[in-house]
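# Fold and contact review
Here are the chains, one letter per residue:
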Amino acid sequence: MRTILLAALALVAALGLGGCAGTGGSRTSPAVVDTGLDRMERLALNANRCWFKSKDPAFASYSLAPELSSFSGRPRFLLVPRGKPEARPLLVVEGQSGSGNVTVYGPLTSDPVGPRIGRDIDRWRGGANDCGAA
């Protein structure tokens, strides 16, 4: 029994040390894939802060519904009628994996608040975090 235990420990040690053997070259880290998640998370945080936490009356009838954990490669957030998270989205702001593109669509883009939404998203997509003029 002791022999089996020692053999198992030796095997584990050999496997562990095998990963340490280098080729003499420099280490390279794996390539970072742009999933769009960081960008969309920042946009959602800005939208929440500027449109909802600020109690902006233009957004009082809506709620923010983040859907950032997307396996489709398209993290997004939605604006839905306040108190109805399961309702059809009135606005979709969607990123795309591997691209800086952000797509904005839905009925709110045609409402009077639509141009403001477009300006805010464009400004935030460009790196700004300010709420801008109402």
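Attention in this report is confined to the structure presented alongside it. Computed from a predicted structure; not experimentally measured.

Applying the stated criterion to the full structure yields 3 aromatic pairs. Here the aromatic rings of Trp51 and Phe59 are separated by 4.5 Å at their centres, their planes lie at 5°, and the arrangement is stacked. When sorted by exposure, Trp51 lands in the same class as Phe59, which is buried. Among the aromatic residues, ring-to-ring pairing joins Trp51, Phe52, Phe59 and Trp124 into one connected group.

Here the focus is unusual backbone geometry. Its identity is not glycine, yet Lys55 carries a phi of approximately 60°, on the positive side. Looking at where Lys55 falls in the secondary structure, it is placed in the loop between helix 2 (37-53) and strand 1 (62-67).

As a further point, take the environment of Met40. Relative to the assigned elements, Met40 resides in helix 2. Through-space distance from the C-alpha of Met40 to that of Arg125 is 8.7 Å; in sequence the pair is 85 residues apart.

This part covers the pattern of salt bridges. Using the criterion set out here, one finds 7 salt bridges in the structure. A salt bridge links Asp120 to Arg123; the shortest N-O distance between them is 2.7 Å. Of this pair, Asp120 and Arg123 both sit in helix 3 (residues 114-125), 3 residues apart, roughly one helical turn. Assessed through its relative accessible area of 1%, Asp120 is described here as buried. Between Arg123 and Asp130 there is a salt bridge, and its shortest N-O distance comes to 3.2 Å.

Further remarks concern the state of the cysteines. Applying the stated criterion across every chain yields a total of 1 disulfide. With its sulfur 2.0 Å from that of its partner, Cys50 forms a disulfide with Cys131. Judged by the sign of its S-S torsion, about -80°, the cystine formed by Cys50 and Cys131 is left-handed. A residue pair is termed long-range when its members are at least 10 positions apart, and Cys50 in helix 2 and Cys131 in the segment after helix 3 qualify at 81 residues.

What follows is about the pairing of strand 2 (residues 76-81). Direction of pairing for strand 1 relative to strand 2: antiparallel, over a ladder of 6 bridges. Paired with Pro66 across the bridge in strand 2 is Phe77. Looking at chain direction, strand 2 and strand 3 (residues 91-96) are connected through 4 bridges and run antiparallel. Paired with Leu79 across the strands is Leu91, a residue of strand 3.

Here the focus is the nonpolar core. Residues Trp51, Phe59, Phe77, Leu79, Ile117 and Ile121 are the most contacted members of the largest nonpolar core, which totals 20 residues. For this core, the leading source of residues is helix 2, giving 7 residues. The residues touching Trp51, leaving out its near neighbours within four places in the chain, are Asn46, Asp56, Phe59, Phe77, Leu79, Leu91, Arg116, Ile117, Asp120, Ile121 and Trp124.

Conventions used here
Residues numbered from 1 in each chain as written. Predicted model: local features only at pLDDT ≥ 70, side-chain atom pairs only at ≥ 80, totals over all residues. Heavy atoms only, no water. Phe/Tyr/Trp six-rings, centres within 6.5 Å; stacked < 30°, edge-to-face > 60°. Buried < 20%, exposed > 50% of the residue type's maximum accessible area, 1.4 Å probe, protein only. Helix = DSSP H or I, 4+ residues; strand = E, 2+ residues; numbered from the N terminus. Salt bridge = Lys/Arg side-chain N within 4 Å of Asp/Glu carboxyl O. Disulfide = S-S within 2.5 Å. Pairing = 2+ DSSP bridges. Core = buried A, V, L, I, M, F, W, Y, C linked by side-chain atoms within 4.5 Å. Contact = heavy atoms within 4.5 Å.

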